[in-house]
Amino acid sequence: MSIQNLATKPGFRARGLFLLVISAPFLFLAAPARSQTSDAPQTTPSVTLPNVKLVIGGDTVKNNATGTLSVVGNVLQFTTDKATMQVQAPSILDMFTNEDSRQDITGAAKVATMAIPYGGSRVLSLFSHGVDVFTVEFTDANGGYHGTIFMLPQKMAAPFKKQLVAMGAKASVPLAPEPENK
Amino acid sequence: MEKILKSHTRTTLSVVLVLTIVFTCVFSLAAGSPAAPSSDDAKSTQKPSASSIQIQPIDPGDVPIPPDFRVAVYENLITQIQKTGKFQHVYRSGDKDAASAPDLVTLSMVTQSFNKGSQKKREVTTVSGSSQITLKVHITDHAGKTVVDRDVQGKVRFFGENLRVTYDFSKKVAKIVNDTF
């Protein structure tokens, strides 16, 4: 029996129509599903880095825990095997990295300037020069002040600071300008 | 006979002497006994009580102190004060719930001096490169009356990361809090 013959048969046509009616809602449901996947980049981390050490100040995470630091949407997130710590970018009061500039700081930001003059144009800190220290000061939902210190590989803190500033976090000291490529 | 009398008198005298010494000791101890202090003494040695404490961040004053040191001191101090178990609540600066605490005491700190030191130098020479931080610690009660006003120094002399300075400082402040309340 050829396909043309089958198509002209009334029973076959009715069955085809029935299948079309049944499958129609599923065809329309496919559209919102696709639009959801188009939203997906918002929940995908824009900056992410594994093997970061949380030195101190992780409420839900133990001191000296190693995990992945990422910026997801407008949230700074630190995830270990056991716990996750999240900080909303707008609740960040200040951030400091070893890449902070000591230039452009005068007048009102005198306190911030005073925190910098330990050699060179970079902030020196608690740890050796081989690492980057990312210090974040923020408030919790109740208004309570918190401070967290992360230890990252060298020159890896700046992208986090840049991204969080774009998401509404405050930073009294700007990042040092990147050296121009010749 | 005379010999017997002499020895008897000597024995009596020594017994009287011993008894006198014993009574004197007992009476002098009873008079100065701490078990019965005057009401004024009791008042002066009474420790202030508070069910909650709020800890303010470090005021750097005129002394440059890196932000990570400030943060490390603050977070270590919160942990150490909680460990004392003296307070039902240890509030962070800005916590809205602290306003309703009836007998809240406030701890604030102002930097007096800071020397970053060098972990490398400490490990190589063991005599130089010590890190030091001195902060004025001020604790006031809910009425604003000063309860503690002291300079406290944190140090790391030989081995250890600079972070140990903040831990050392916090431990010392926690001890002061423990002794005060």
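In every chain, residue numbers begin from 1 and rise along the written sequence. Chains carry letters from A onward and ligands carry numbers from 1 onward, assigned in written order. Local features in this predicted model are restricted to residues whose pLDDT is 70 or higher, and side-chain atom pairs enter the listing and the counts only when it is 80 or higher, whereas totals over whole chains, interfaces and linings include all residues. To obtain the side-chain values, all non-hydrogen atoms of the structure were included, while hydrogens and water were left out.

Draft legend 1. Structural detail: the overall build of chain B. Looking only at helices and strands, chain B features five helices and five strands. The numbering of helices and of strands both runs from the N terminus, where a helix is a DSSP run of H or I of at least 4 residues and a strand a run of E of at least 2. Overall, chain B shows an N-to-C arrangement of helices and strands of α-α-β-α-β-β-α-β-β-α. Of all intrachain contacts in chain B linking residues separated by at least 6 positions in sequence, the fraction that spans at least 24 positions is 66%. Summing over all exposed atoms, chain B offers an accessible surface of approximately 10700 Å²; the carbon and sulfur share of this is 57%. For this analysis, residues touch if any pair of their heavy atoms sits within 4.5 Å. The accessible surface values rely on the Shrake-Rupley method and a 1.4 Å probe; as for residues, cover is taken only from the protein chains in view.

Draft legend 2. Molecular detail of the pattern of salt bridges. For salt bridges, the criterion is a side-chain nitrogen of Lys or Arg within 4 Å of an Asp or Glu carboxyl oxygen. For the coordinates displayed, the defined rule picks out six salt bridges over all chains. Among the ionic pairs, Asp59(A) bridges to Arg92(B), the shortest N-O distance being 3.8 Å. You can see Asp59(A) sitting in the loop between strand 1 (47-56) and strand 2 (65-72) and its partner Arg92(B) sitting in strand 2 (residues 89-92), one on each of two chains. When a residue's accessible area, from a 1.4 Å probe over protein chains only, is under 20% of the maximum for its type it is buried; when over 50% it is exposed; and in between it is partly exposed. Classification of Asp59(A) by relative accessible area gives exposed; the value is 55%. As a salt-bridge pair, Lys175(B) and Asp179(B) come within 3.0 Å of each other at their nearest N and O atoms. Pair noted here: Lys175(B) and Asp179(B) are both in helix 5 (residues 163-180), with a separation of four residues, about one helical turn. Salt bridges here are not isolated pairs; linked through shared partners, they connect Asp59(A), Glu75(B) and Arg92(B).

Draft legend 3. Layout of helix 4 (residues 158-166) of chain A. Residues and elements named next belong to chain A. Of all the positions in helix 4, only Ala158, Phe160, Lys161 and Leu164 are classed as buried. On an axial view of helix 4, the arc spanned by its buried residues comes to 160 degrees, and they lie on one face. Among the structural elements, strand 1, strand 2, strand 3 (75-79), strand 5 (92-96), strand 6 (131-139) and strand 7 (145-153) are those in contact with the buried residues of helix 4. Count one or two residues on from helix 4 and you reach Gly168, which has phi positive near 110 degrees. Each direction from the helix axis to a C-beta atom contributes to the arc, which is the arc of those directions.

Draft legend 4. Region of interest: the layout of surface pockets. Method remark: on a 1 Å grid restricted to protein atoms, a set of points is classed as a cavity if a 1.4 Å probe fits but cannot get out and as a pocket if it is open with protein on both sides within 12 Å along at least five of seven lines; lining residues have an atom within 4 Å of a point. Grid points are joined across faces, edges and corners, and a volume is the space filled by probe spheres set on the points. Approximately 440 Å³ is the volume attributed to the largest pocket. Taken together, 20 residues form the lining of the largest pocket, with Ile56(A), Asn63(A), Glu75(B), Asn76(B) and Thr79(B) sitting closest to its centre. Among the secondary structure elements, those contributing two or more residues to the lining of the largest pocket are strand 1 of chain A together with helix 3 (67-84) and helix 5 of chain B. Ranked by residues supplied to the lining of the largest pocket, first place goes to helix 3 of chain B with seven residues. Residues of the lining of the largest pocket, tallied by class, amount to six nonpolar, eight polar and six charged. Each residue is assigned to one class: nonpolar for Ala, Val, Leu, Ile, Met, Phe, Trp, Tyr, Cys and Pro, charged for Asp, Glu, Lys and Arg, and polar for all the others, Gly among them.

Draft legend 5. Fine view of the pairing of strand 7 of chain A. All names here are of chain A. In terms of residue burial, strand 7 counts as a mostly covered element, since eight of its nine residues are buried. Two strands qualify as a pair provided DSSP detects at least 2 bridges between them. Note that strand 1 and strand 7 share three bridges and pair antiparallel. Paired with Ile56 across the bridge in strand 7 is Ile149. Two successive antiparallel strands, strand 6 and strand 7, enclose a turn made up of five residues, where Gly143 displays a positive phi of approximately 95 degrees.

Draft legend 6. Summary view of the nonpolar core. For the purposes of this section, nonpolar cores are sets of buried Ala, Val, Leu, Ile, Met, Phe, Trp, Tyr and Cys residues that join through side-chain atoms within 4.5 Å. Membership of the largest hydrophobic core comes to 41 residues, with the highest contact counts inside it found for Ile55(B), Ile81(B), Phe87(B), Leu107(B), Met109(B) and Phe169(B). For this core, the element with the most residues is helix 3 of chain B, which contributes eight residues. The residues contacting Met109(B), other than those within four sequence positions of it, are Ile55(B), Gln56(B), Pro57(B), Ile58(B), Asp59(B), Val73(B), Leu77(B), Leu135(B), Lys136(B), Val137(B) and Phe169(B). Core analysis: the second largest hydrophobic core is formed by 25 residues, Leu49(A), Val61(A), Leu69(A) and Phe78(A) among them.

This is a description of form; function is not addressed.
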